[in-house]
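Coordinates in review
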Amino acid sequence: MSKKKRLRRIKDVLMEMGAGKFFYRIERSSKSDHVEALISVINMMGEEIEEALVHQEYVNVNESIKHIVLMNFQIDLNGKIKALNQQACEILFYRPDEIVGQTFMSFLDETSISKWKKNLKNLLKKKLVDTSLNLTFKTRKGLLVPSACYINKLEGKSDDEESFIITVVKHSKKQVELEDYLKTTEPQTIKRHRLFKNLPLIKKEKVRLNSEDIAKIREARDFLMNNLEKEFPSLKELALQFGTNTFKLKYGFKELYGISVFRFLRNERLRKAKILVQGGNCSFKTIAYQCGYRSVPTFTNTFKSVFGHTPTELRKKFSSEDF
Amino acid sequence: MVSIENNYAFYKLDGRILYIRYHIGIVITLNAAVKIVADRIRLQDGVSYPALCDIRGVREVHKPARDYLALEGSVLLKAVAFIVENPMSEVLSMFYLKTTKPPVPTQSFQNQRDAERFLTDFL
């Protein structure tokens, strides 16, 4: 791809980002020049921002829920698009009549085409299917839209009536529609909405944190992460060390990270332990000590309760798998 | 001296420093990142070392792989020196340093001699 073409794509993707759409990516080339480096940073930035739109460190605040953009495709058993929604046309920069009747794979990038072909064969063999697949769409301008696609096969009386529904959910920064929705919906209904089903519910009374508090809690978290092998001082001592108080640390931590300080520490210790157990011949006593456990039986029991296997079993399992 | 190689990198341990050289043109996916860390930990056998990572060959690091490396990438490392040269490897290391705040001292260098000099402080 020429430099001019790559620069044009950079311009296009930045324009989209400016409009709050962070899900476009630029196709990579095999070059290693400055333009390619810039493309790489823009793609990575898009990924970081896109994730931040869904999860803004605060585990569940209403502000983090953004406008939802949806692409829906109805596809026949030959892989041709029968129908699609307006937003899909907008995202891909095509008119509906340019898409309807075309094969679904003509809107995918090269890697996704072979992935889709392979999966379509398997999907056709089965009757009712609900599955998901990571595919990358290619817009008219050549921008990429990597997407998790939810695929449902709909059963009908004849082959003509059978079809696939492909759904892609994206987030953008334009909030208007969802805000309207929130205003007109009862709080109980919002809680039950499928998007929020797995998220912890927020209580009305919560600790108020200013930016300084948040910075201190982050520091405390980083400190814990980097000192997993050390004995945990106490919540009070930890709070004092970072110039905050026990109440703010305890409840603020939970609010920021959705997990208690102790549970976080346990999870991080076990995560490190899992890596060391899987990837080496190091003794479990050493691993237990490196992960803040002073007793091997306690370490083994906790490990088993979380991962369902003792360290010995997990090591055997991992070494036998050709990962 | 011990050395191993997988589909993504070549590892060499000279008893003081762990050398990791990524293959040319590789894309680090999540599966690749898991394998890269697991093989390194296996080679280190429970001992921490300073590491010299030659990332000049890396073309792309996927987001799930970046998240994984941010959390697991520094286990059993005392310090990390990246060798970068072309603009591509330079931005990859800069982005990593900016977004992950590695728990061990980490810096980028244009040549191996400077990188080794930095790592000698952590032997």
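Keep in mind that this is a model prediction, so the values were computed, not measured.

**Looking at the domain arrangement of chain A**
Residues and elements named next belong to chain A. What the domain assignment lists for chain A is domain 1 (1-57), domain 2 (69-171) and domain 3 (213-323). Using only C-alpha atoms to locate each centre, domain 1 and domain 2 end up separated by 24 Å. With 11 residues of domain 1 at the interface, the matching set in domain 2 holds eight residues. Per-class residue counts for the side of domain 1 that touches domain 2 are six nonpolar, no polar and five charged.

**Topic: the sheet that holds strand β2 (residues 9-13) of chain B**
Pairing between sheet strands relies on hydrogen bonds along the backbone, with the strands arranged either parallel or antiparallel. All names here are of chain B. Taken in spatial order, the six strands line up as β1-β2-β3-β5-β7-β8 in an open sheet, and their pairing is mixed. With one partner strand each, in any of the chains shown, β1 (2-5) and β8 (106-109) form the two edges of the open sheet. Each neighbouring strand pair of the sheet contributes to a mean axis angle of 15°, computed without reference to strand direction. Of the pairings in the sheet, the one linking strand β5 (residues 49-54) to strand β7 (residues 77-83) comprises six bridges and is parallel in character. By the bridge assignment for β7, Tyr-49 is matched with Leu-77. Sitting on the sheet, helix α1 (residues 30-44) touches β1, β2, β3 (18-22) and β5, and the angle it makes with β2 is about 20°. Its contacts with the sheet place helix α4 (residues 112-119) against β5, β7 and β8, and it is angled at close to 165° to β7.

**What to know about the environment of Ala-51 of chain B**
Residues and elements named next belong to chain B. Its place among the elements puts Ala-51 in strand β5. The class for Ala-51 is buried, based on 27 C-beta atoms found within 10 Å. Linking Ala-51 and Phe-82, residues 31 residues apart in sequence, is a C-alpha distance of 8.5 Å. Excluding residues within four positions of it along the chain, Ala-51 makes contact with Leu-18, Ile-20, Leu-77 and Val-80.

Here is what the cut-offs are and how they apply
Residues numbered from 1 in each chain as written. Chains lettered and ligands numbered in written order. Predicted model: local features only at pLDDT ≥ 70, side-chain atom pairs only at ≥ 80, totals over all residues. Domains from an automatic or database assignment. Contact = placed C-beta atoms within 7 Å. Nonpolar A, V, L, I, M, F, W, Y, C, P; charged D, E, K, R; others polar. Pairing = 2+ DSSP bridges. Helix = DSSP H or I, 4+ residues; strand = E, 2+ residues; numbered from the N terminus. Axes fitted to C-alpha atoms, helices over the stretch in contact; angles between N-to-C directions. Buried ≥ 20, exposed ≤ 12 C-beta atoms within 10 Å, placed from the backbone.

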